[in-house]
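Here is what each chain is made of, one letter per residue.
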Amino acid sequence: MSQSHWEVVTKHSCLLGEGPVWDKKEKRIIWIDIINGEIQYFYPGSNEHNTCKTGHMLGAVALKRTGGMIGAAKGGFATIDLNNGATHIICKVETHLPGNRFNDGKCDAAGRFWAGTMSMSNMPHAGSLYTLEKDGTTHTKLTAVSCSNGIAWSPDNTTLYYIDSPTRQVVAYEYDIVNGNIIRGRVVIDIPEGEGFPDGMTIDTEGMLWIAIWDGWKVARYNPLSGEQLHEIILPVSQVTSCIFGGDTLNDLYITSAREGLSEEDLKEQPMAGCLFVIKNCGFNGIDAFEYDG
């Protein structure tokens, strides 16, 4: 896999593109611009691109089984109407920490929504990882998190993989799908110093992890059993933020990126920073996005 495989999906550039989700019912890719509080969605079949302005800083969004979207907005979990941007906070989170925001999240196979927080001033250990349960209550799963990021579950739903970016590690937890408990975390992947920071991630049908490397110019495929890097896709942007499989057979890899914090000189060298990329027919298949069941 090399640079020649990627394509730019749309010329739209996000300040901090993140959280891609493939909506198989509508056959569209959805992603967010965290800082601008926007949800982008694109239909590959018609090349139609739309923007939903929510007016809220968003850390993650997910589909609901009953229709519509759930989101992790600054201040709490919320329902979102993609048609008009109407955002309704249904459960407040960390209102006592106004300097924090949500950063990444996903639903598990049981229909819970997992999302974590971070300090907007990059204060270490200021964030936590939460679940929004199906009954609308929240549970704290991890504390002392610095930059809550990628989440994925093994195909057999016995392991949760999690990234706290500054650690440059992926940690695997034993995961109980019935009650959502995670125990006995162990480091399964280390990103060497100087090669960037692990950001968002997804998993393929073979149980291999695909990790976006912030400041690493790439997405890489890892074996979580050995920690070995198996493949990498080099991109024309340094701040690669997340990835997800999409398309009819879930073999197109969509990749988000950011331009936040880049200098004018950086942007001249990286004119596509903030764009959404795709590697069509990448040779691997993903797993359908889980939906919130509340």
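Residues numbered from 1 in each chain as written. Predicted model: local features only at pLDDT ≥ 70, side-chain atom pairs only at ≥ 80, totals over all residues. Heavy atoms only, no water.

Draft legend 1. Focus on the pattern of salt bridges. Within the structure shown, the criterion is met by 14 salt bridges. Among the ionic pairs, E38 bridges to K53, the shortest N-O distance being 2.8 Å. Pair noted here: E38 is in strand β4 (residues 38-43) and K53 is in strand β5 (residues 48-53), with a separation of 15 residues, a long-range link. Taking the relative accessible area as the measure of exposure, E38 reaches 9% and is therefore buried. With a shortest N-O distance of 2.9 Å, R184 and E174 are connected by a salt bridge. On the criterion of sequence distance, the pair formed by R184 in strand β17 (residues 182-190) and E174 in strand β16 (residues 169-175) is long-range, its members being ten residues apart. (Salt bridge = Lys/Arg side-chain N within 4 Å of Asp/Glu carboxyl O. Helix = DSSP H or I, 4+ residues; strand = E, 2+ residues; numbered from the N terminus. Buried < 20%, exposed > 50% of the residue type's maximum accessible area, 1.4 Å probe, protein only.)

Draft legend 2. Just the side chain of T131, in detail. Turning to its location among the elements, T131 is positioned in strand β12 (residues 127-132). Filtering out sequence-adjacent residues up to four positions away, T131 remains in contact with F113, W114, T137, T138, H139 and K141. (Contact = heavy atoms within 4.5 Å.)

Draft legend 3. Local environment of unusual backbone geometry. With a phi close to 55 degrees, K27 is a non-glycine residue in the positive phi region. Along the chain, K27 falls in the loop between β2 (17-23) and β3 (28-33). What makes K27 partly exposed here is its relative accessible area of 47%. Unusually for a residue other than glycine, H125 sits at a positive phi of about 60 degrees. What makes H125 exposed here is its relative accessible area of 53%.

Draft legend 4. Highlighting the sheet that holds strand β21 (residues 229-234). Across the sheet, which stays open at both edges, the four strands sit in the order β18-β19-β20-β21 with antiparallel pairing between neighbours. At either margin of the open sheet sits one strand with a lone partner, and together these are β18 (197-203) and β21. Averaged over all pairs of adjacent strands, the angle between strand axes in this sheet comes to 25 degrees, irrespective of strand direction. As paired elements, β18 and strand β19 (residues 209-214) share five bridges and run antiparallel to each other. For F197, the partnering residue across the bridge sits in β19 and is W214. (Pairing = 2+ DSSP bridges. Axes fitted to C-alpha atoms, helices over the stretch in contact; angles between N-to-C directions.)

Draft legend 5. Structural view of the environment of I32. As for its position among the elements, I32 is in strand β3. In the structure, I32 is positioned 148 residues away from G180 in sequence and 26 Å away in space, judged by C-alpha atoms.

Draft legend 6. Spatial organisation of the packing of aromatic side chains. One pass over the structure, following the stated rule, counts eleven aromatic pairs. Residues W6 and F277 carry aromatic rings whose centres are separated by 5.6 Å and whose planes lie at 85 degrees to one another, so their mutual orientation is edge-to-face. Of this pair, W6 sits in strand β1 (residues 6-10) while F277 is found in strand β24 (residues 276-279), placing the two residues 271 residues apart along the sequence. Each of the two residues, W6 as well as F277, counts as buried. Taken together, a centroid distance of 6.0 Å and an interplanar angle of 70 degrees make the contact between W114 and W153 edge-to-face. Here W114, found in strand β11 (residues 113-119), pairs with W153, found in strand β14 (residues 148-153); they are 39 residues apart in sequence, far enough to count as distant. Overall, the relative accessible area of 0% leaves W114 in the buried class. Three or more aromatic residues link up through ring pairs in this structure, and these residues are F77, F102, F113 and Y130. (Phe/Tyr/Trp six-rings, centres within 6.5 Å; stacked < 30°, edge-to-face > 60°.)

Read these as layout, nothing more, since geometry by itself doesn't imply function.
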